[in-house]
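# Structural overview for review
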Amino acid sequence: MAIEVKIPTILRTYTGGAKSVEAAGDTVSALLDDLDANHPGLKGRLITDDGSLHRFVNVYVNDEDVRFTGSLDTVLKDGDAVTILPAVAGG
Amino acid sequence: MRYDSLTDALGETPLVGLPRLSPRWSGESPVRLWAKLEDRNPTGSIKDRAALFMVRAAEADGRLTPGCTILEPTSGNTGISLAMVAKLHGYGLVCVMPENTSIERRQLLEMFGARIISSPAAGGSNQAVATAKKLAEENPDWVMLYQYGNAANAQAHYEGTGPEILRDLPTITHFVAGLGTTGTLMGAGRYLREKAPDVQVIAAEPRYGELVYGLRNIDEGFVPELYDDSILTSRFSVTSYDALRRTRDLIEHEGIFAGISSGAILHAALSIADRAAVAGERADVAFIVADGGWKYLSTGAYDGSLQHAAEKLEGQLWA
């Protein structure tokens, strides 16, 4: 199962500069594990020590914030697009 | 309607049906979209509500006294609203604004007599907030109202926007608004959930070009102090392309000339409405038209191909 993951500028040091990479997983959690296996250290920048998403990191599946769809347990299907972005000010 | 002054004419904006863009306008289990036209406020945006409430609150608690200078980080609309209120109440205004905002916003601020301090495009509003906080330290006599953490911002929507919507649409099932300072969603969302607990509250946030997310590290990220995610039921990130596409849909199908952030909000509203339509459920979706399109004409948002317009918007702050 291939899922495209868009990587924000500040985390591209982990992906050799790639803007997007492919990863696999049935859930966001499994996807992040797979990402970390291929790009060691990446998961540690997204997840805090208590296992939850970093306060200043937003993860979207097909443009929807996973914090409202089951967080790390959000289910993924083939063809989904995942976007990782830092939280920044709007307004 | 007759009012004693311009600020008295704030709010009480129309809620307008979208019979052509709604998935199912009539029949059994209708799925209807309703636009709250906040461009009908005194300076043409929803931010007039927050600006007036924040100034009045600061006057009430003695922070603002005649002749004071107000300081605010803003990508535009809040600044324009504050500039109008400041002029009427006799204050000076210093706005810290990212340099990648539309020329019309600058022109309007200057016209109202505000002083603009530009912050770098890279980092977007994050940089504006950081610059304003530094200026506040250097100029202790300036009063920073700080829309991102000022309870009066959300209160304006708890007392105004929320009650107006529920009164005009008692059958509301979903409320959709833009997520910036989070004031609209926190205030109106909290009110609606208290009075109609089944209402879903949906956020649409802009997804900008990479420049705007150019932080040095994750810990420089920013979540507004007002934000309480327990108020929301979903949150969508909307690209410039989708926002533009829906902004043009509003003109093409409903004759509504709205700003780009309103297109993003409509995009999220349609995602939710389409789900209800597929499930065969009834829905009345109220969404915010935050401002009109006038301030974005120079961005090329309304002419040429969508792809080209979206590329021109890359790196601009449009919400």
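Note that the structure is predicted; figures quoted are calculated from it, not measured.

## Re the overall build of chain B
If you tally the helices and strands in chain B, you get nine helices and 10 strands. Whereas a compact globule of 319 residues would reach a radius of gyration of roughly 20 Å, chain B reaches 19 Å, a difference of no more than 12%. Here chain B, with 319 residues, has 56% of them falling under the buried criterion. Looking at chain B alone, contacts between residues at least 24 apart form 72% of all its contacts between residues at least 6 apart.

## With respect to the pairing of strand β5 (residues 115–119) of chain B
For a regular strand, side chains alternate in direction, first toward one face of the sheet and then toward the other. Across five bridges, strand β4 (residues 92–98) of chain B lies against β5 of chain B in parallel orientation. Each bridged residue has a counterpart across the sheet, and for Cys95 of chain B the counterpart in β5 of chain B is Ile116 of chain B.

## A short note on the packing of helix α1 (residues 47–60) of chain B against helix α5 (residues 151–168) of chain B
All names here are of chain B. Orientation of α1 relative to α5, taken along the N-to-C sense of each, is 115°, at an axis distance of 8 Å. Between α1 and α5 lies a crossing whose hand is right-handed. Contact with α1, carried on its side by Arg49, Ala50, Phe53, Met54 and Ala57, involves Ala152, Asn153, Gln155, Ala156, His157, Gly160 and Thr161 of α5 and no other residues of that element. A breakdown of the residues in the contact of α1 with α5 according to their chemical character gives six nonpolar, five polar and one charged.

## Side note on the sheet that holds β5 of chain B
Residues and elements named next belong to chain B. Judged by pairing direction, the sheet is parallel, and its four strands sit side by side in the order β5-β4-β3-β6 without closing on themselves. The open sheet is flanked by β5 and β6 (142–144), the only strands paired with a single partner. On average, each strand axis in the sheet is inclined to that of its neighbour by 25°, with strand direction left out of account. With five bridges joining them, strand β3 (residues 69–73) and β4 adopt parallel strand pairing. Within the sheet, the bridge partner assigned to Ile70 lies in β4 and is Leu93.

## Details of helix α7 (residues 240–254) of chain B
Residue and element names in this part refer to chain B. For α7, with 15 residues, the first-to-last C-alpha span of 21 Å sits near the 21 Å given by 1.5 Å per residue. Of the positions making up α7, those classed as buried are Ser240, Asp242, Ala243, Leu244, Arg246, Thr247 and Leu250. Turning to α7, the residues buried within the fold contact β8 (200–207), β9 (234–239), α8 (260–279) and α9 (306–313). Following α7 by one or two positions, Gly255 has its phi on the positive side, about 70°.

## Brief notes about the interface of chain A and chain B
Taken together, the contact pairs 22 residues of chain A with 33 residues of chain B. Of all the secondary-structure elements, those providing two or more residues to the side of chain A that touches chain B are β3 (57–61), β4 (64–65) and β5 (81–86) of chain A. The dominant element in the side of chain A that touches chain B, judged by the number of residues it contributes, is β5 of chain A, at three residues. For the side of chain A that touches chain B, the residue count by class is 11 nonpolar, five polar and six charged.

## Describing the environment of Ser102 of chain B
Residues and elements named next belong to chain B. Locating Ser102 in the fold gives a position in the loop between β4 and α3 (103–111). Note: C-alpha distance between Ser102 and Ser75 (27 residues apart in sequence) is 9.2 Å. Once you skip the residues sitting within four places of it in the chain, Ser102 turns out to touch Lys295, Tyr296, Ser298 and Thr299.

## Quick look at the packing of α5 of chain B against helix α6 (residues 183–195) of chain B
Residue and element names in this part refer to chain B. One can describe the packing of α5 onto α6 by two numbers: an axis separation of 7 Å at closest approach and a directional angle of 50°. In terms of their interaxial angle, α5 and α6 are classed as oblique. At the point where α5 passes α6, the crossing takes the right-handed sense. Note on element contacts: α6 touches α5 through Gly183, Thr184, Met186, Gly187, Ala188, Arg190, Tyr191, Leu192 and Lys195, opposite Asn153, Ala154, Gln155, Ala156, His157, Tyr158, Thr161, Gly162, Pro163, Ile165 and Leu166. Here the residues of the contact of α5 with α6 are counted per class, giving 10 nonpolar, eight polar and two charged.

Rules behind the numbers
Residues numbered from 1 in each chain as written. Chains lettered and ligands numbered in written order. Predicted model: local features only at pLDDT ≥ 70, side-chain atom pairs only at ≥ 80, totals over all residues. Helix = DSSP H or I, 4+ residues; strand = E, 2+ residues; numbered from the N terminus. Rg over C-alpha atoms; globule rule 2.2 N^0.38 Å. Buried ≥ 20, exposed ≤ 12 C-beta atoms within 10 Å, placed from the backbone. Contact = placed C-beta atoms within 7 Å. Pairing = 2+ DSSP bridges. Axes fitted to C-alpha atoms, helices over the stretch in contact; angles between N-to-C directions. Left-handed = near helix turned anticlockwise from the far one by under 90°. Nonpolar A, V, L, I, M, F, W, Y, C, P; charged D, E, K, R; others polar. Expected span 1.5 Å × (residues − 1). Parallel < 35°, antiparallel > 145°, perpendicular 65-115°, else oblique.

Any functional reading would require information that these geometric values do not contain.
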